[in-house]
Protein chains: 2
Amino acid sequence: MSEHIVSSYDKDLQNLRRSIAEMGGIAEKMVADSGQALLRRDAALAQAVIAVDSRLDGLQREIEEKAILLIARRQPLAVDLRETISAIRVSGDLERIGDLAKNVAKRVVAISDQVQLQKIVVGVEHMNELVQAQLKDVLDAYATQDTVAALDVWARDGGIDALYTSLFRELLTYMMEDPRNITFCTHLLFCAKNVERIGDHTTNIAETIHYLATGEPLGSERPKNDASNYTVVNPPSA
Amino acid sequence: MSEHIVSSYDKDLQNLRRSIAEMGGIAEKMVADSGQALLRRDAALAQAVIAVDSRLDGLQREIEEKAILLIARRQPLAVDLRETISAIRVSGDLERIGDLAKNVAKRVVAISDQVQLQKIVVGVEHMNELVQAQLKDVLDAYATQDTVAALDVWARDGGIDALYTSLFRELLTYMMEDPRNITFCTHLLFCAKNVERIGDHTTNIAETIHYLATGEPLGSERPKNDASNYTVVNPPSA
């Protein structure tokens, strides 16, 4: 392979990296803004989150197309092939993260004039902040190909799952206390679920970083602490 | 390009098609079984759905790997490249459909000893049947590359979204009527949301069929009738 071709492939990879970094920046801002919109009942900020999502969708399609053309035209081997595949995977996760943040923003619009339980909103926003840190750390790990940092994100996500299960129980309790809380708490439940799923996508990205660095999938199944699927809360007996 | 290579690529594509068909069969059965498990409160059937999901995950990874190796080694052009890319996309959607059916099954296990509102369970199962029909039709359309049938699935999904929004309102009303319904109805809300999202993945597959046949993405944004994100239900004033 001539040096000319090698350096030209490097340039193509750099372009992919730049597009992923742009997607990452947009996704981070969407997650942070949707959390702030929820906390401050800011419907205008929520609308801004909803509006920006199409940019993320466009970038994802662009990355996927470019990466596949690259594979077809250049027949990259080993680490170049893995980096190109990784770009496709990571852009897919970032696009889904944007969708989930957009869904939180839509619910902020719906509940802005409902009875508010600020204490539990703070709980969801706290969870959102943890997920923002996960997202930032995993994007940094991707940019520097730091598998140790990636594995740390992967392991930390269990804490977010556990927090979600505890919020799930708390929200059901508020609903049982007063029927006027039900609509608000239901939307908040879906918000919390969306945030928990953003956390799952950060672990997907961590798994991609591991694959990129080693060529092997992460062997073990990630320990899941989201027990909410199985959680039952009963009202106090009358 | 020699005839030998062409027919060998055809054989590779046939293998991909066979694996997609296998995934489709498993996903269809998971969706049907999770609906039946919910309707009949059958925790054993639900456990079987949960157990089979790893097979779907394995097939998806296999298809993705094979397809990318195929692109890298053979440099397919035009329709062969599109079919290979389509296999990656469709296998991703089928894997997500399996995850969603598995999540319904997990909730069946959780609520099997809760107060049951059979009327609303029947509503969710009805929605599930419509989604099963969508999934069957879109898999048939993929196998025969029938874009007309694919567009029909794509357009029909709006009806499922509208049904979900109406179930969402109904479930919130039941929760307001009696706090003992809250845990059950919350899990049912998530089940209904999962089924609605399975419908969304059938429209993704329809879009992939359109891309496969024409080389162009479906231009217009699909009309969404899921207004539940914005839905507010108030308890009757005391």
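Quantities reported herein were computed from a predicted structural model and do not represent experimental measurements.

A word on the overall build of chain A
Then, in step 1: Looking only at helices and strands, chain A features 6 helices and 0 strands.
Then, in step 2: What you see in chain A, going N to C, is helices and strands ordered as α-α-α-α-α-α.
Then, in step 3: With the C-alpha coordinates aligned to their principal axes, the bounding extent of chain A is approximately 80 × 40 × 25 Å.
Then, in step 4: Split into buried and exposed, the 238 residues of chain A put 55% on the buried side.

Description of the packing of helix α3 (residues 78-111) of chain A against helix α6 (residues 182-214) of chain A
Think of two packed helices as two axes; the pair is described by the angle between the axes and how far apart they sit.
Then, in step 1: It is at 9 Å that the axes of α3 of chain A and α6 of chain A come closest, and there the two elements cross at 170 degrees. Classified by the angle their axes make, α3 of chain A and α6 of chain A are roughly antiparallel.

Examining unusual backbone geometry
All names here are of chain B.
Then, in step 1: If you check the backbone angles, Arg41 has positive phi at about 50 degrees while not being a glycine.
Then, in step 2: At Gln145, a position not held by glycine, the phi torsion is positive, near 50 degrees.
Then, in step 3: Owing to a relative accessible area of 34%, Gln145 belongs among the partly exposed residues under this scheme.

Considering the nonpolar core
The tendency in soluble globular proteins is for nonpolar side chains to be buried as a group.
Then, in step 1: With 152 residues, the main nonpolar core has Leu94 and Leu188 of chain A together with Leu94 and Leu188 of chain B as its most contacted residues.
Then, in step 2: The contacts of Leu94 of chain A, once residues within four sequence positions are left out, are Ile20, Met23, Gly24, Ala27, Leu56, Leu135, Leu139 and Ile205 of chain A.

Brief notes about the UniProt feature "domain: PhoU" (unreviewed entry) in chain A
Then, in step 1: What UniProt calls "domain: PhoU" (unreviewed entry) maps, in this numbering, to residues 20-108 and 124-208 of chain A.
Then, in step 2: Across residues 124-208 of chain A, helical content stands at 93% and strand content at 0%; the span's end C-alpha atoms are separated by 27 Å.

Section: the environment of Arg107 of chain A
Then, in step 1: Its place among the elements puts Arg107 of chain A in helix α3.
Then, in step 2: Arg107 of chain A sits in the buried class, given a relative accessible area of 0%.
Then, in step 3: Arg107 of chain A sits 35 residues away from Tyr142 of chain A along the chain, and the two C-alpha atoms are 31 Å apart.
Then, in step 4: Not counting residues within four places of it along the chain, the set of residues in contact with Arg107 of chain A comprises His187, Phe190, Cys191 and Asn194 of chain A together with Ser228 and Asn229 of chain B.
Then, in step 5: Here the side chain of Arg107 of chain A touches His187 of chain A through a polar contact of 3.0 Å, side chain to side chain.

Quick look at the relation of the copies chain B and chain A
Then, in step 1: Between chain B and chain A, which share one sequence, the superposing operator has a rotation angle of 180 degrees and an axial displacement of 0.0 Å; the RMSD is 0.0 Å. What we have between these two chains is a two-fold relation. Across chain B, the rotation axis passes nearest the C-alpha of Ala72 of chain B, at a separation of 2.8 Å.
Then, in step 2: Counting the interface residues of chain B, we find that 100% of their copies in chain A are interface residues as well, pointing to one common contact surface.

Comments concerning the interface of chain B and chain A
Then, in step 1: Taken residue by residue, the interface counts 40 residues in chain B and 40 residues in chain A.
Then, in step 2: On the chain B side of the interface with chain A, the three residues burying the most area are Phe190, Asn229 and Tyr230 of chain B, jointly 17% of the side's total.
Then, in step 3: Our count for the chain B to chain A interface comes out at 2 salt bridges.
Then, in step 4: The partner of Arg89 of chain B in a salt bridge is Glu64 of chain A, with the nearest N and O atoms 2.4 Å apart.
Then, in step 5: Our count for the chain B to chain A interface comes out at 14 residue pairs in polar contact (both at pLDDT 80 or more).
Then, in step 6: When residues of the side of chain B that touches chain A are traced back to their parent elements, those giving at least two are α2 (43-74), α3 (78-111), α5 (147-177) and α6 (182-214) of chain B.
Then, in step 7: With 9 residues, the single largest contributor to the side of chain B that touches chain A is α3 of chain B.

Each value, and the rule that gives it
- Just so you know, the residues in each chain are numbered from 1, in the order the chain's sequence is written.
- Working convention: letters from A go to chains and numbers from 1 go to ligands, in the order in which they are written.
- Under the rules for a predicted model, residues below a pLDDT of 70 receive no local features and side-chain atom pairs below 80 are neither given nor counted, while totals for whole chains, interfaces and linings still include all residues.
- Computation of side-chain values: all heavy atoms of the structure, hydrogens and water removed.
- Only runs of H or I of at least four residues qualify as helices and only runs of E of at least two qualify as strands under DSSP, and these elements are numbered from the N terminus.
- Remark: exposure states derive from per-residue accessible area (1.4 Å probe, protein chains only) relative to the maximum for the residue type, with buried under 20%, exposed over 50%, and partly exposed in between.
- Where helices are involved, their axes are fitted lines through C-alpha atoms of the stretch in contact, as for all axes, and angles between N-to-C directions lie from 0 to 180°.
- Orientation categories follow fixed angle ranges, with anything under 35 degrees roughly parallel, anything over 145 roughly antiparallel, 65 to 115 roughly perpendicular, and all other angles oblique.
- Nine residue types can take part in a nonpolar core, namely buried Ala, Val, Leu, Ile, Met, Phe, Trp, Tyr and Cys, and a core is a set of them joined through side-chain atoms within 4.5 Å.
- Two residues form a contact once any of their heavy atoms are found within 4.5 Å.
- UniProt positions are given in the numbering used here, feature names are shortened, and annotations may be inferred rather than shown by experiment.
- Polar contacts here mean pairs of N or O atoms no more than 3.5 Å apart (in protein, one a potential hydrogen donor and the other a potential acceptor; neighbouring residues in sequence count only if both atoms are side-chain atoms).
- The fit set for superposing copies consists of C-alpha atoms from residues with pLDDT of at least 70 in both; the fit itself is least squares.
- By definition, the buried area sums, over both parts, the 1.4 Å-probe accessible area that each loses when the two are put together.
- When a carboxyl oxygen of Asp or Glu lies within 4 Å of a side-chain nitrogen of Lys or Arg, that pair is called a salt bridge.

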